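Letter by letter, the chains look like this.
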Amino acid sequence: MSSLVSYVLYGIAALWLLLMAAIAFGRYRYERRANYLSALKHRLEQCSPLNASALNAIVAQLSVAQLDALIREGLPPALEIAVARAMQEQRADLVHTAAAAAKPQERIAAVRVLAAAQAERTYDLLDSMLRSRSAALAAASVRILAKLDNRRSADLLITALRDGPYSCSRIAAAIDMMTAPRADLLGLLFAAPHAEVRFWAARLAGRLQAAQWASHVRELATDVDPLVRRAAVEALGIIGDASDRSLLLGRLNDPVPFVRAHAARACARFADGDAAEALAGLLADRQWIVRAAAREALQRMGRVALPAVVQALWHSDAFAANGAAEVLHKTGKAADAARQVVADPAAARRQLPILARFLSVAGPHLRSAFMCQLSLREQHVLTSHVEPLMGAS
Amino acid sequence: MPFESVLQIVTWGGYLACLVYLTTLTVIFAALARMAVRENRDRARDAAVEDFSIVRSSPFTIPVSVVAPAYNEEVCITASIQSLLALDYPQYEVIVVNDGSTDSTMKRLTQAFDLEPSAALYRRVIDATEIKQIYRSRIDPRLTVIDKVNGGKADALNAGANLARYRYLCCVDSDTVYYADALLKGMRLVMPDPAVVVGVTSHVTLHSRPEQAVRDDQGRTRLDRHPLIVFQLLDYLRAFIWARAAWSRSNYMMCSVGAFAIWRRDVVVELGGFSPRFTCEDIEFTFRVHEHFRRLRVPYRIQALPDAVGITEGPTSIRALVSQRARWQRVIAETVWHYRRMLCNPRYGTVGFLGMPYYVLAEVLAPVFQVLAVAIVPFAAYSGQLRPFECLQMLLIVALGSAAFTCAAVLLQDRYGRTYAASDLAYLLLLAPADLFLYRPIIFWAQCKGTVDFLLGDRRWNKFERNRRRVVSPKLATNHQ
């Protein structure tokens, strides 16, 4: 028994020491590699991109993974191309590694080097990575294509967005952050059978301000899928023109709340009395997100919306009246009116019933926030003028 | 039967029970190892190929509402909220809920962020106690502060959730200073499949004064070398790098961390918000999410991020540590007891057959076996069966076995995270074998106390007293960013 316990003790002690040694060795290797790469990077940066023999000598000491690490860390653009091309020349199997290596990390490193070398095969390899079943390969491909940032990479990303081999939102985000002209390539997305693709078509059209696709976006505003309608009305708020006003006002009655909410925000672009009245009507919507969007839109419209907002103070729905009061408060109109009353009560007689109604329908927090904007004297004068009217309002 | 024979049977029975228990736990930990290694490796690889620059700058990145409940956090509230406002994420809001603090938390917030009363209207979809006033910051429009009457952390989170505008809620603590990339790393796990990923959790590292923690030139946080902090840190590493990574891989992540948990807001609303009936909301809500989705047979995932996302204040006195750990033990017992119907129930899959039994065995029953192990010592001494040399050998086996598990967790962490400087790493490893003799007895006492508190129906939070500080200079408070 005693010897068994001793053996177990020795075994566990050996395991513990082994793990300690593994940690120490792992850290030593990591630090050594980091120092080695840092020294090589320093040597590369000292070297002119035109000095082929010196570059070749340094590149000969590098593995593909090490060069990939240096590229990810960042090299001057001219140097990056020169080094990557030197690696491409020295490693005849680089394309094969990029196409068929068993480990995803090896494929990614090889493709990144080929992309840096601007090799012709890069795009085919990136496309096959994007369409592979590996999320890691697809993510790396999207990242490299976005970095390449040219028409061809944009085309590949947009085609991939249509075909859906990888997360649409990630591909759309990559397309959005590119700077190469790409708005004209969006056409193939609008008629896609998948609603998610049409959604991203409309969103990207809005983001890229692709006015040439406005007619397609208009069609999507009546799509069967509510998410697509939501994206379309949002895009029309950016790329639409005066002819879209009636379409957007129509979407304010959409059965789906978030479509109504986005239509409300989009309508703010067409600041006129009719739009303001329609938005004021939405202040009584049964969904709070729609009421919030209507408030936001009316705030953005400014002076044009004022008559409709003031009228909404007398709305029979308490939410609508309170929402109108909040708009008046946030645009500063309520405080302006109060100061006019304080300065010259006789001249500002028309403002008094509005302020009385405002204070009647506003909730306690809104009233407190409104009063905080006024000095104590202003508060006192305003209260003395408005209080008699508040019961009547 | 003579008395000596009875003593011998009791001693050997107890000894055997403890041996079986310890062996079972060791086997479970060893079985988790493979999954933990694969999970840590995959997450590190995913992070390496991830393009954070796209996520960081994209308008399509999912926006998040960060909710930070605060109760008597005057010491570190400013640094914590500053770190939240400095998060590297394209679109988010920060909602601080002052849960009826009796110290100057509200005053500190008002001064630091120039708060003004606001008339924000919101939809009260979850029950929460009365809100006294809502404030907005004049300095940073993303910051909203709710001042409400005290109702507990769960209630404060519910109040914040009512005001939240975005689809994801990130529940955080206001005694924690967050790294700038915390939200980016957390949401990275959500983005590939927001329809399925309903929750993401992570963990935090410890420091006696998080607002003064400094990072070296390679971005590594320097270790606070207070022994109690280091032992807790080793405990965290074992739990998060080892066990929780493995749970996450098999989708039975049983406990989200209160200091950083991202939840899909519709799930929080659908489940009626965080429950104030339990002492802590985090573990109970995680159990509830599992129970809900598995009962309805709806696909879902709760994932754990192996990276630390911030630095929180750890207790530096034994009394404070016992208070904190006793609460944790009580919470675990409360939750496991409440959801006992899931235990070994086929409807709940891995949660019922792996997660729940683990909690029962490793957490709820731990004090029972620990008491037994201590109790048999006098029996063994009285009956002459206690042999000091063998006893020492057994203690060394347990100490080195525990140290080996700790080293394995540190190895994984260092392999994929490289969080600590070499000198800090050496310090961590040197203290690991002393864990059994210096740290475990405290935890043993805390677990026993927590179990007794649970049996007595205690529901108090028992917040530990904050570590003493000098006045925090704003420069130091922002140093970590």
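Our structure is the block above this text.
Here is what the cut-offs are and how they apply
Residues numbered from 1 in each chain as written. Chains lettered and ligands numbered in written order. Predicted model: local features only at pLDDT ≥ 70, side-chain atom pairs only at ≥ 80, totals over all residues. Heavy atoms only, no water. Bend = angle between axes of the 7 residues up to and from the residue. Helix = DSSP H or I, 4+ residues; strand = E, 2+ residues; numbered from the N terminus. Buried < 20%, exposed > 50% of the residue type's maximum accessible area, 1.4 Å probe, protein only. Contact = heavy atoms within 4.5 Å. Buried area = accessible area lost by both parts, 1.4 Å probe. Salt bridge = Lys/Arg side-chain N within 4 Å of Asp/Glu carboxyl O. Polar contact = N/O pair within 3.5 Å; in protein donor to acceptor, adjacent residues only side chain to side chain. Nonpolar A, V, L, I, M, F, W, Y, C, P; charged D, E, K, R; others polar. Phe/Tyr/Trp six-rings, centres within 6.5 Å; stacked < 30°, edge-to-face > 60°. Lys NZ or Arg CZ within 6 Å of the ring centre and 35° of its normal.

Colleague: Pulling in residues and values, what's your account of helix H11 (residues 349-364) of chain B?
Modeller: Residues and elements named next belong to chain B. The axis of H11 is deflected most strongly, by about 25 degrees, at glycine 355, and proline proline 357 appears within four residues downstream. Along H11, the positions that sit buried rather than exposed are Val351, Gly352, Gly355, Met356, Tyr358, Tyr359 and Ala362. The inward-facing, buried residues of H11 contact helix H1 (3-49), helix H7 (227-249), helix H9 (282-296), helix H10 (318-338) and helix H12 (366-382).

Colleague: Any chance you could break down the interface of chain A and chain B for me, citing the residues and the numbers?
Modeller: Opposite the 48 residues of chain A that make contact, chain B presents 42 residues. When chain A packs against chain B, the two sides together hide about 4100 Å² of surface, and 66% of this comes from carbon and sulfur. Inspection of the chain A/chain B interface yields one salt bridge. At the boundary of chain A with chain B, the tally comes to three residue pairs in polar contact (both at pLDDT 80 or more). For the side of chain A that touches chain B, the secondary structure elements donating two or more residues are helix H1 (2-46), helix H6 (104-116), helix H8 (135-148), helix H10 (168-177), helix H11 (195-207), helix H17 (288-301), helix H19 (318-330) and helix H22 (364-372) of chain A. Looking at the side of chain A that touches chain B residue by residue, the classes come out as 29 nonpolar, nine polar and 10 charged.

Colleague: I'd like to hear about the packing of aromatic side chains, residue by residue, with values.
Modeller: In this structure the tally under the stated criterion is 22 aromatic pairs over all chains. Taking the centre distance of 5.8 Å and the plane angle of 85 degrees together, the rings of Trp242(B) and Phe405(B) count as edge-to-face. Of this pair, Trp242(B) sits in helix H7 while Phe405(B) is found in helix H13 (residues 388-416), placing the two residues 163 residues apart along the sequence. Exposure remark for Trp242(B): the relative accessible area of 8% places this residue in the buried category. Between the aromatic rings of Phe287(B) and Tyr359(B), the centroid separation amounts to 5.8 Å while the plane-to-plane angle is 80 degrees, which identifies the pairing as edge-to-face. Within this pair, whereas Phe287(B) is found in helix H9, its partner Tyr359(B) is found in helix H11, the two being separated by 72 residues in sequence. Across this residue pair, the class does not change: Phe287(B) and Tyr359(B) are buried. Put simply, the rings of Phe29(B), Trp242(B), Trp247(B), Tyr252(B), Phe287(B), Tyr339(B), Tyr358(B), Tyr359(B) and Phe405(B) pair up and form one aromatic cluster. The ring of Phe319(A) carries Arg291(A) above its face, with NZ or CZ at 3.9 Å from the centroid. For Arg225(B), the ring lying beneath its charged end belongs to Tyr427(B), and the centroid distance is 4.9 Å.

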